[in-house]
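Notes for the structure review
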Amino acid sequence: MKHVVSVDWLFEHGTDDRMILVDCRFVLGQPDAGRIAYEKDHIPGAHYLDLEKDLSSAVIEHGGRHPLPDAEALSRTFGSIGIHSGSVVIAYDDQGGAYASRLWWLLTYLGHERVYVLDGGYSKWKEAGYPVTEEPPLVHEAEFAAKVRGELLVDMEGVRSRQGRPGTVLIDSREARRYQGIEEPIDKAAGHIPGAVNYFWKDSLTAEGGWKSPEAQKERFSPLAGAEEIIVYCGSGVTACPNVLALSEAGLKNVKLYAGSWSDWISYKDNPVAVGEE
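What you are looking at is a predicted structure, and each value in this text was computed from that prediction instead of being measured.

Rules and cut-offs
- Residues numbered from 1 in each chain as written.
- Predicted model: local features only at pLDDT ≥ 70, side-chain atom pairs only at ≥ 80, totals over all residues.
- Heavy atoms only, no water.
- Pairing = 2+ DSSP bridges.
- Helix = DSSP H or I, 4+ residues; strand = E, 2+ residues; numbered from the N terminus.
- Contact = heavy atoms within 4.5 Å.
- Axes fitted to C-alpha atoms, helices over the stretch in contact; angles between N-to-C directions.
- Core = buried A, V, L, I, M, F, W, Y, C linked by side-chain atoms within 4.5 Å.
- Buried < 20%, exposed > 50% of the residue type's maximum accessible area, 1.4 Å probe, protein only.
- 1 Å grid on protein atoms, 1.4 Å probe; cavity = no way out; pocket = protein on both sides within 12 Å on 5 of 7 lines; lining within 4 Å.
- Points joined across faces, edges and corners; volume = space filled by probe spheres on them.
- Nonpolar A, V, L, I, M, F, W, Y, C, P; charged D, E, K, R; others polar.
- Parallel < 35°, antiparallel > 145°, perpendicular 65-115°, else oblique.
- Left-handed = near helix turned anticlockwise from the far one by under 90°.
- Phe/Tyr/Trp six-rings, centres within 6.5 Å; stacked < 30°, edge-to-face > 60°.
- Lys NZ or Arg CZ within 6 Å of the ring centre and 35° of its normal.
- Polar contact = N/O pair within 3.5 Å; in protein donor to acceptor, adjacent residues only side chain to side chain.
- Right-handed = clockwise from strand over helix to strand, strands pointing away.

**Thoughts on the sheet that holds strand 5 (residues 115–118)**
The strands making up a sheet associate through hydrogen bonds between their backbones, and the pairing can be parallel or antiparallel. Ordered in space as 1-5-4-2-3, the 5 strands form an open sheet in which the pairing is parallel. Strands at the two margins of the open sheet, each flanked by one partner only, are strand 1 (4–5) and strand 3 (47–48). Summarising the sheet, strand 2 (residues 19–23) and strand 3 pair through 2 bridges and their orientation is parallel. Its bridge partner lying in strand 3, aspartate 23 is registered against tyrosine 48. Its contacts with the sheet put helix 4 (residues 98–109) on strand 2, strand 4 (88–92) and strand 5, and the angle it makes with strand 5 is roughly 175 degrees.

What follows is the structure, encoded as structure tokens:
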């Protein structure tokens, strides 16, 4: 796999000098739960980055529930835990890779190529009997130089302008009931962006919670093989990221993230909303 490493691989290589481990555990609605879990125990040497404090900017009228931080702020955050151009970054969580994939995407967007997600996450690491600690890591601050890849991102206007465009596919990564508008536990309106097709992000994973093989991802996304451009969204731009990763594993090209996602889309009152299946 291009973007995923196993716990066995990490155990063998995790103490290499250029390795930076990042614990991304987070629980929606319980903003301190991830940090509390990290302080109780984590993989030795891992730094903690918080979805809402470090990997998102403040919520405003538009931009969704987890707006992207600007490149400068992100670069400072990454530099503060020692990430530089030579670093190999391994991200993990214990939520199927959702939050680790957000970090993977952000680093990729800023032009950092050597970033991976830990297969099976923290629970798989512990199950394997590998060491954990409550000790904070040593911090060697670094200069992180961003090379922003704007082609990986699309905003609300970009989505609107592409609706109905031949060759462009819009993917909604939320569970089917939210996509169909049957229920909406988080956002102010139910439904999906008209024209979007539903690929629930958790279908990237096996029944055991690991990542499916590239061959299985290719099969999962086989209806999209002819797409010229794929735009992926979810509720707030977080669980779209594991789908972006899975699409890359499947070999699909020109995949973009609509970072504001559904929570941004519905913040514009004139935007149309669809319910049911497409």
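From this point, the narrative continues.
**What about the nonpolar core?**
Judged by nonpolar contacts, the single largest core of 68 residues is most densely connected at Ile43, Phe78, Leu103, Trp105, Ile171, Phe221 and Leu247. A total of 9 residues in this core trace back to one element, the largest contributor, which is helix 4. If sequence neighbours within four positions are ignored, tryptophan 105 has contacts with Leu68, Leu152, Leu153, Cys241, Val244 and Leu257. Grouped together as the second largest cluster of nonpolar side chains are 12 residues, Met156, Tyr179, Ile231 and Trp262 included.

**Brief notes about the environment of alanine 98**
Within the secondary structure, alanine 98 is located in helix 4. Among the residues examined, alanine 98 registers a relative accessible area of 2% and is labelled buried. Placed 143 residues apart in sequence, alanine 98 and cysteine 241 show a C-alpha to C-alpha distance of 6.9 Å. Beyond its immediate stretch of four places on either side in the chain, alanine 98 contacts Asp93, Trp201, Val238, Thr239 and Pro242.

**Topic: the layout of surface pockets**
Reported here for the largest pocket is a volume of approximately 540 Å³. Lining the largest pocket we find 26 residues, and of these Gly14, Thr15, Met19, Pro44 and Gly45 sit closest to its centre. When contributions to the lining of the largest pocket are tallied by element, the ones reaching two or more residues are helix 1 (7–13) and strand 2. Per-element accounting of the lining of the largest pocket gives the leading share, 3 residues, to strand 2. Per-class residue counts for the lining of the largest pocket are 13 nonpolar, 9 polar and 4 charged. Together, 16 residues line the second largest pocket, and His3, Thr108, Arg149, Leu152 and Ser248 are the ones closest to its centre. Residue classes in the lining of the second largest pocket are distributed as 6 nonpolar, 5 polar and 5 charged.

**Comments concerning the packing of helix 4 against helix 9 (residues 240–249)**
Axis separation between helix 4 and helix 9 bottoms out at 7 Å; the angle between their running directions is 65 degrees. Taken together, helix 4 and helix 9 sit at an angle that is classed as roughly perpendicular. Helix 4 and helix 9 meet at a crossing whose hand is left-handed. Mapping the contact onto sequence places Ala98, Ser101, Arg102, Trp104 and Trp105 in helix 4 and Cys241, Pro242, Val244 and Leu245 in helix 9.

**Examining the packing of aromatic side chains**
Each aromatic ring pair is characterised by the separation of its centres together with the angle its planes make. The full count for this structure, using the stated rule, is 11 aromatic pairs. Judged by centre distance (4.9 Å) and plane angle (10 degrees), the rings of tryptophan 105 and tyrosine 109 are stacked. Here tryptophan 105 pairs with tyrosine 109, and both are found in helix 4, just 4 residues apart, close to one helical turn. According to the relative accessible area criterion, tryptophan 105 is buried, its value standing at 3%. Aromatic ring contacts, followed pair by pair, group Phe11, Trp125 and Tyr130 into a single cluster. One residue, arginine 25, lies across the ring of tyrosine 122, its end atom 4.2 Å from the ring centre.

**Re helix 3 (residues 71–80)**
Listing the buried residues of helix 3 in full gives Leu74, Ser75, Thr77, Phe78 and Gly79. For helix 3, the side-chain oxygen to backbone nitrogen distance between the N-cap and glutamate 72 is 3.1 Å, and the N-cap itself is aspartate 70. The positive-phi residue at the C-terminal boundary of helix 3 is glycine 82, with phi of around 95 degrees.

**Some remarks on the pairing of strand 5**
In the case of a regular strand, side chains alternate between the two sheet surfaces. The sheet contact formed by strand 1 and strand 5 spans 2 bridges and is parallel. Counted as the bridge partner of valine 4 is valine 117 from strand 5. With helix 4 bridging strand 4 and its parallel neighbour strand 5, the resulting β-α-β unit is right-handed.

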